[in-house]
Amino acid sequence: MDALGPRVRRALPLVATLAAFLAALEVLRLELHAVSWPALSAAVAATPPWRLGAALLLTALNYAVLAGYDVLAFEYAKKALPLGRIAAAAVLAYAVAHSVGFAMFSGASVRYRFYSRWGVTGAELARVVVSYSLTFWLGLLALGGLSLVAGAGAGAAAIAPPAVGAAIGWALLAAVAAFLAATAIVRAPVRVAGHEWTLPAPGLALRQLIVSTVDWTLAGAVLFVLVPPGHVTFAALIGAYLVAVLAGMVSHVPGGLGVFEGLMVLLLRPWMTSVDLVPALVAYRVIYYLLPFGLALVGLVIDEGRQRRAHLGQAGRWLSGVAGELAPRILAASSFFAGAVLLFSGATPALPGRLAWLDRLLPLGVIEASHFLGSVVGAALIVLAQGLSRRLDAAYYLTAAFVIAGIGASLLKGVDYEEALLLLVVLIALLRMRRAFDRRAAAVDLRFSGAWLAAIVGTLAASWWLGSFAFKHVDYANDLWWRFELRGDASRFLRATVGASMVVLVAAVASLLRPAPHEVDEPTASDLDDAAAAIARDGSTTANLVFLRDKGLLFDPARQAFVMYGVQGRTWVAMGGPVGEASATPGLIRQFVERADAWGAVPVFYEIGPEDMHRYADAGLTFVKLGEEAKVDLATFTIEGGRGSKFRQAVRRLERDGGTFRVVPPEEVPALMPQLRDVSSDWLREKAGAEKGFSLGFFDEAYLARFPVAVVERGGRVQAFCNIWPGAAGGELSLDLMRYASDAPKGVMDALLVHVMLWGRAQGYRSFALGMAPLAGVEPAPVPSIWQRLASLAYKHGERVYAFQGLRAFKQKFDPVWEPRYLAYPGGLQLPKILADVSALIAGGYRQILLK
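Residues numbered from 1 in each chain as written. Predicted model: local features only at pLDDT ≥ 70, side-chain atom pairs only at ≥ 80, totals over all residues. Heavy atoms only, no water.

1. A short note on the overall build of the chain
Here is step 1 of the chain: For the chain, the helix and strand inventory stands at 29 helices and 14 strands.
Here is step 2 of the chain: Out of the 852 residues belonging to the chain, those deemed buried represent 51%.
Here is step 3 of the chain: Contacts in the chain between residues at least 24 apart in sequence constitute 74% of all its contacts with a sequence separation of at least 6.
Here is step 4 of the chain: Surface summary for the chain: the accessible area is close to 37,800 Å², and the carbon and sulfur share equals 65%. (Helix = DSSP H or I, 4+ residues; strand = E, 2+ residues; numbered from the N terminus. Buried < 20%, exposed > 50% of the residue type's maximum accessible area, 1.4 Å probe, protein only. Contact = heavy atoms within 4.5 Å. Areas by Shrake-Rupley, 256 points an atom, 1.4 Å probe, with all protein chains shown as cover.)

Here is the structure:
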C-alpha cells in the first residue's frame, strides 16, 4: 500500500487533466448537436477576409506587447540588453509557450537558449522569469476583477451566482491594489520558497499592470473581431475569455485545447449559439496559437543553422550544447502536433474538388491505402515524440522515416498540401538538429510517463470525437467498415481509427511488458571491464564500489564513462557523479535524469563534489550539503618530528604488541580469504550490525580479490585488514573495508591507517582519502533552510545516535583538507523521503534500519 500511495498521488493530476479534456469534448458534443461538419467547415471558410486580416494584425500587435513583459523584466533584473534581442527572444518564447503549455517552464527554456548566449546569468534569468510571471498575473487579476465587478461576465452565472462573482472580483482588485501598495511600502527583500526577492519599484509595478492589461485586452480582441458582429459585447466576451483561459491553464492541457473552447461555448450561451461561435474559435486557434507556433519553429531552426556556422571554437561548442538541450523538446512537441494533425485529417472528410482531381490520376486502392497510412503515421508520430524528447537516435530515425511517409500519404489521400508542408518543416528541423539526438538505442526505448500517456490518450479521443462529429449524419452499419468508394470518408475514418489505435496499443503493451522500474540489472563481466577502463581514465577511487555488483550501470554511448546507481522505491540514487571521460559528464547527467523521469522516478546524485555543480544545475537539480570528505596530503605526511609523534607512537605500540604490517597483492588475496572472513565475522558480531552496501563495501570474496589488501598480523594470524583502492599512478589512494578482530592489539586501526599512508607515499601517491564526515561543515546560513537547521542540530546534539563529531575528530588528527560533498536532487518537499530512501539503500532496506 505504501508503494501504491505515491503512484496514485502522481497519477491524480494527470487523471484530472485528462478528465478535464474529455469533459470539454463532451460539452462540445452536446453543444454542437445541431451543427454539422459541412456547415461548420463552410462557416469557417466564409469568415470575411477583413476579419481574418484584423485578427492577424491584432495578434501581431499582441505579441509585440508581450515582448514588453521581458523588457520590464530586464529592467527589474537590472540587466541591459538591446531591445531588439529581448523582443525577438520573448516573441519566440511566448509563441512556443502558448501552444506547448506550462508557460513558465517552456517559455523559460526558449529564453535560456538566447539569453544565456548574450551573457545573462542563471540568477538574472530567474529574476526575469519571476518578473514576467508577475506581470502576467497582474493584468489577469485586474481585468478579471473589473469584469466580475461590472457584471460583464453574466455568462459566468453558470459557474457561480452573480453576488459571489462580484465578491471574487473585488477580492482580485484588492489583491492587485495591495501589491501596488506593497511596492511603495516594502523595500526589504521578501523571502519566498527559500529565495529572497525584492519587490519592483512602484513605477515599474504600475507599468507591469498596464502592459499586462493591454496584453489581455488585445488577446480577447483577436477573438472578438472573428465573432459575427451584433451578438456579444466586448465586455461580456472578455469576461468569458479570461475565465476560459484560466481554466485552460489550470487543466494543464497544452494550450487549453478543448477546455478553452468548451467553456467559451458555455459562458457565451446567453448571447450567441455554438453555430455562430465555434467557427470563430477555430479561426482563433489557428491565428493566435498555431500560426505563431509554426513561425517560432521556423525561427528556431534558422537560428540553429546560424549557430552551427558560428561554432568555430570552445564557446561555439558550448552554445551548441545549450541549443541541444532545447531542440529535442521542441521537435518532440512538433512531431506530436504533426501526428495529431494527421489523425485529425484522417477523421474529417476530404475536400471534394481535390478528391475528384485525384480520382482522375490514381486508382481508388491507392487513395484508400494512403488514407489508412496517414492515420497510422500520425499515431506513430505521437508515440515516437516521447523518444525524441529523450534524445534517442532510434526515435529520431524512425520519426524521420514516418514524416517522409506522412508527406506522401497526405498528398496521395486528398492532395492535402498544407499537411505535407507542415511535415516538410518538421523534417527539415529534424535534419538540421541531428546532433541533438546522441543517445543510442537498439530499438525505441518505450517507457511512457503518465503525462505522455495522458497526451496520447487525449489525442486519440479528440480524433475519435472529431470523426464522430464529422460523420454523425452517416447511419452506422456493419458493412460500413468494408465500403471502398471515392466518397466513403466515414468508412475510411473507421478503418484509420482502428489502425491508429492498434499502433498505440502495441506501443503501450510493449511498454507494460518491460521489467519493473525497481529491478536493476546486475552488471555483466563486459560491463565491469568497461567500467574498469573508465575508472583508469578518471582516477577516482570511490568508483571502485562498482565492483560490488550491487548497483546498476548507465554508460554513455561510447561506453567511456558511466553512472552507477541503485533504486529504492521511486528514488534513483547515483553513487557519486559520472566516472570516466570528462567530456561525457554533461550527457550522462542528463541521460540519468531523463531516464529516471521517464520511469516516473526521482533522480538523485549522492556525495558529489563541487567541481561539476553547474552541470547538475543545468539538469534542473538543486543541492544540500551532506558533509565533508577528508583528504590527507601524502607529500607532507610524516611520522618524524613533533608533528608525527602521535603517528609514531601508534606504529611503535603495534610493534611492541607483536603486530606486523604488510600489503598483500591481489593475486595472493584468495589464499588469505578464510582468515579475512573470520576477522570480518568477528567484527560484525562485536558491532551487532549487518553488512551495509551501496556507498560502503561489504565482505565479498570476488570484490576483495580485485584489490591489494593491507593486513596486520600477529602470531601468523590476521588481526586486522583493509582493502586498498589505488587510483591512477601518482594520484589518489583510499580504502574501503576496515575490520579487526576482538582480540586485536589496542589502537590497531590507527597503526593500520598510518602504515597504509606511508606505503602509499612510497608508491608515489599524492593524497589519501579518509572518507566522509557526515553533516560536518553544514553551518546555519543567515537565513537557514529547514535542512540546514536540522543538520546543524543533529551534528551538535546527536552524538548518542551517531558519532558525528567523534568521527570528524578521529579523521582530523591526520591533518586533512576537508572537501564538501553534496546531494543533488530535483528540489521541492521530497528531501526527507529521499534521505530515508538513501539510508535504506545503504542499510539494505527499511527493515534493516528498523532492526538496528
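That covers the picture; the talk isn't over yet.
2. So, the pairing of strand S4 (residues 561-568)
Here is step 1 of the chain: Taken across its 8 residues, S4 has 8 buried, putting it largely inside the fold.
Here is step 2 of the chain: The alternating pattern of S4 places Ala561, Val563, Tyr565 and Val567 and Phe562, Met564, Gly566 and Gln568 on opposite faces, both of which are buried.
Here is step 3 of the chain: In this structure, strand S3 (residues 552-555) lies alongside S4, joined through 4 bridges in antiparallel fashion. By the bridge assignment, leucine 554 is partnered in S4 with valine 563.
Here is step 4 of the chain: Here S3 folds back onto S4, and the loop between the two strands holds 5 residues, one of which, arginine 559, carries a positive phi near 55°.
Here is step 5 of the chain: Bridging between S4 and strand S5 (residues 571-575) involves 4 bridges; their strand directions are antiparallel. Along S5, the bridge assignment pairs tyrosine 565 with alanine 574. (Pairing = 2+ DSSP bridges.)

3. Description of the packing of aromatic side chains
Here is step 1 of the chain: Under the counting rule described, the total for this entry stands at 22 aromatic pairs.
Here is step 2 of the chain: Both rings, one in tyrosine 284 and one in tyrosine 288, keep their centres 5.2 Å apart while their planes meet at 10°; by these two values the pair is stacked. Pair noted here: tyrosine 284 and tyrosine 288 are both in helix H11 (residues 274-310), with a separation of 4 residues, about one helical turn. Taken as a pair, tyrosine 284 and tyrosine 288 share a single burial class, namely buried.
Here is step 3 of the chain: Geometrically, the ring pair formed by phenylalanine 637 and phenylalanine 647 is tilted, given 4.9 Å between the ring centres and 40° between the ring planes. Linking phenylalanine 637 in the loop between strand S8 (622-633) and helix H22 (645-656) with phenylalanine 647 in helix H22, this pair joins segments that are 10 residues apart in sequence.
Here is step 4 of the chain: Phenylalanine 637 gets classed as buried once you look at its relative accessible area, which sits at 4%. (Phe/Tyr/Trp six-rings, centres within 6.5 Å; stacked < 30°, edge-to-face > 60°.)

4. Notes on the confidence of the model for the chain
Here is step 1 of the chain: When the pLDDT values of the chain are averaged, the result is 77; 73% of them are 70 or greater.
Here is step 2 of the chain: This stretch, residues 780-804, has a pLDDT under 50; its non-local contacts, to residues over four places away or in other chains, come to 35 contacts. (pLDDT = per-residue confidence, 0-100.)

5. A few points about helix H19 (residues 525-538)
Each turn of an α-helix holds 3.6 residues, which means side chains three or four residues apart point in the same direction.
Here is step 1 of the chain: The terminal C-alpha atoms of H19, which comprises 14 residues, lie 20 Å apart, in line with the 20 Å expected from a rise of 1.5 Å per residue.
Here is step 2 of the chain: Within H19, the full set of buried residues consists of Asp527, Leu528, Ala531, Ala534 and Ile535. For H19, the arc enclosing every buried residue in end-on projection is 120°, short of the 170-degree limit, so these residues lie on one face. Summarising the geometry of H19, the exposed residues directed more than 90 degrees from the buried face are Ala525, Asp529 and Ala536.
Here is step 3 of the chain: On its buried side, H19 packs onto S3, S4 and strand S6 (579-580).
Here is step 4 of the chain: Looking one or two places after H19, you find glycine 539, whose phi comes out positive at around 85°. (Expected span 1.5 Å × (residues − 1). Arc of directions from axis to C-beta.)

6. Observations regarding unusual backbone geometry
Here is step 1 of the chain: You will see that arginine 549, though not glycine, has its phi angle at about 60°, which is positive.
Here is step 2 of the chain: Tracing the sequence through the fold places arginine 549 in the loop between H19 and S3.
Here is step 3 of the chain: In this structure arginine 549 comes out as partly exposed when scored by relative accessible area, which is 28%.
Here is step 4 of the chain: In this model, arginine 559 sits at a positive phi of 55°, which is unusual for a non-glycine residue.
Here is step 5 of the chain: Note that arginine 559 resides in the loop between S3 and S4.

7. Here we look at the environment of lysine 78
Here is step 1 of the chain: Tracing the backbone through its elements, the reader meets lysine 78 in the loop between helix H3 (49-77) and helix H4 (83-100).
Here is step 2 of the chain: On the accessibility criterion, lysine 78 (73% relative accessible area) is exposed.
Here is step 3 of the chain: For the pair formed by lysine 78 and valine 128, sequence separation is 50 residues and the distance between their alpha carbons is 9.6 Å.

8. Focus on the environment of serine 742
Here is step 1 of the chain: With respect to the helices and strands, serine 742 occurs in the loop between strand S12 (732-740) and helix H25 (748-762).
Here is step 2 of the chain: C-alpha of serine 742 to C-alpha of valine 679: the two residues are 63 residues apart in sequence and 8.3 Å apart in space.

9. Points about the pattern of salt bridges
Side chains that differ in charge, positive against negative, can pair when their charged atoms come close.
Here is step 1 of the chain: This structure, assessed with the given rule, holds 19 salt bridges.
Here is step 2 of the chain: Residue glutamate 629 is joined to arginine 821 by a salt bridge in which the shortest nitrogen-to-oxygen separation is 2.8 Å. Highlighted residues: glutamate 629 in strand S8 and arginine 821 in strand S14 (residues 817-825), separated in sequence by 192 residues.
Here is step 3 of the chain: For arginine 821, a relative accessible area of 9% puts it in the buried group.
Here is step 4 of the chain: Between aspartate 750 and lysine 813 there is a salt bridge whose closest N-O contact spans 2.9 Å. Placement of aspartate 750 in helix H25 and of lysine 813 in the loop between helix H27 (804-812) and S14 is noted, with a sequence separation of 63 residues between them.
Here is step 5 of the chain: Among the residues examined, lysine 813 registers a relative accessible area of 27% and is labelled partly exposed.
Here is step 6 of the chain: Salt bridges sharing common partners tie together Glu629, Lys631, Glu732, Glu819 and Arg821. (Salt bridge = Lys/Arg side-chain N within 4 Å of Asp/Glu carboxyl O.)

10. What to know about the side chain of glutamine 719
Here is step 1 of the chain: Assignment of secondary structure puts glutamine 719 in strand S11 (residues 717-726).
Here is step 2 of the chain: Engagement of the side chain of glutamine 719 in a polar contact is seen with the side chain of arginine 714, the distance being 3.4 Å.
Here is step 3 of the chain: The residues touching glutamine 719, leaving out its near neighbours within four places in the chain, are Val679, Val712, Glu713, Arg714, Arg739, Tyr740, Ala741, Asp743, Ala744 and Pro745. (Polar contact = N/O pair within 3.5 Å; in protein donor to acceptor, adjacent residues only side chain to side chain.)

11. Focus on the packing of H22 against H25
Here is step 1 of the chain: Close contact between H22 and H25 brings their axes to 8 Å; oriented N to C, the two are set at 110°. Our classification of the angle between H22 and H25 gives roughly perpendicular. Between H22 and H25 the crossing geometry is left-handed. The residues of H25 that touch H22, namely those facing Phe647, Ala650, Val651 and Leu654, are Val748, Asp750, Ala751, Val754 and His755.
Here is step 2 of the chain: Looking at side-chain class alone, the contact of H22 with H25 contains 7 nonpolar, 1 polar and 1 charged residues. (Axes fitted to C-alpha atoms, helices over the stretch in contact; angles between N-to-C directions. Parallel < 35°, antiparallel > 145°, perpendicular 65-115°, else oblique. Left-handed = near helix turned anticlockwise from the far one by under 90°. Nonpolar A, V, L, I, M, F, W, Y, C, P; charged D, E, K, R; others polar.)

12. Some points on the nonpolar core
A general tendency of soluble globular proteins is for nonpolar side chains to be buried together.
Here is step 1 of the chain: Counting residues in hydrophobic clusters, the biggest one holds 72 residues, and the most contacted among them are Tyr115, Leu223, Tyr241, Phe260, Met264 and Tyr284.
Here is step 2 of the chain: Among the elements of the structure, H3, H4, helix H5 (103-115), helix H6 (122-150), helix H8 (202-226), helix H9 (234-251), helix H10 (259-267) and H11 are those that each provide at least two residues to this core.
Here is step 3 of the chain: Sorting elements by how many residues they give to this core places H3 first, with 12 residues.
Here is step 4 of the chain: Residues contacting tyrosine 284, with those up to four places away along its chain left out, are Ala219, Val222, Leu223, Leu226, Tyr241, Phe260 and Tyr289. (Core = buried A, V, L, I, M, F, W, Y, C linked by side-chain atoms within 4.5 Å.)

13. Here we look at the packing of helix H14 (residues 364-389) against helix H15 (residues 393-414)
The angle between the axes and the distance between the axes are what describe a pair of packed helices.
Here is step 1 of the chain: The interhelical angle for the contact between H14 and H15, taken along N-to-C directions, is 150°, at an axis separation of 8 Å. Relative to H15, H14 is oriented roughly antiparallel. For the pair H14 and H15, the crossing hand works out as left-handed. Contact residues: Val366, Ile367, Ser370, His371, Leu373, Gly374, Val377, Ala380, Leu381, Leu384, Gly387 and Leu388 in H14; Ala395, Tyr396, Leu398, Thr399, Phe402, Val403, Ala405, Gly406, Ala409, Leu412 and Lys413 in H15.
Here is step 2 of the chain: Residues belonging to the contact of H14 with H15 are distributed by class as follows: 16 nonpolar, 6 polar and 1 charged.

14. Side note on a nonpolar patch on the surface
Here is step 1 of the chain: Taken together, the side chains of Trp137, Leu246, Met249 and Val250 define a hydrophobic patch exposed on the protein surface, amounting to about 340 Å² of accessible area.
Here is step 2 of the chain: Counting through the fold element by element, methionine 249 comes out in helix H9.
Here is step 3 of the chain: Accessibility expressed as a relative area gives 31% for methionine 249, which makes it partly exposed. (Patch = residues over 30% accessible without salt bridge, like charges linked within 9 Å, V, L, I, M, F, W, Y side chains within 5 Å.)

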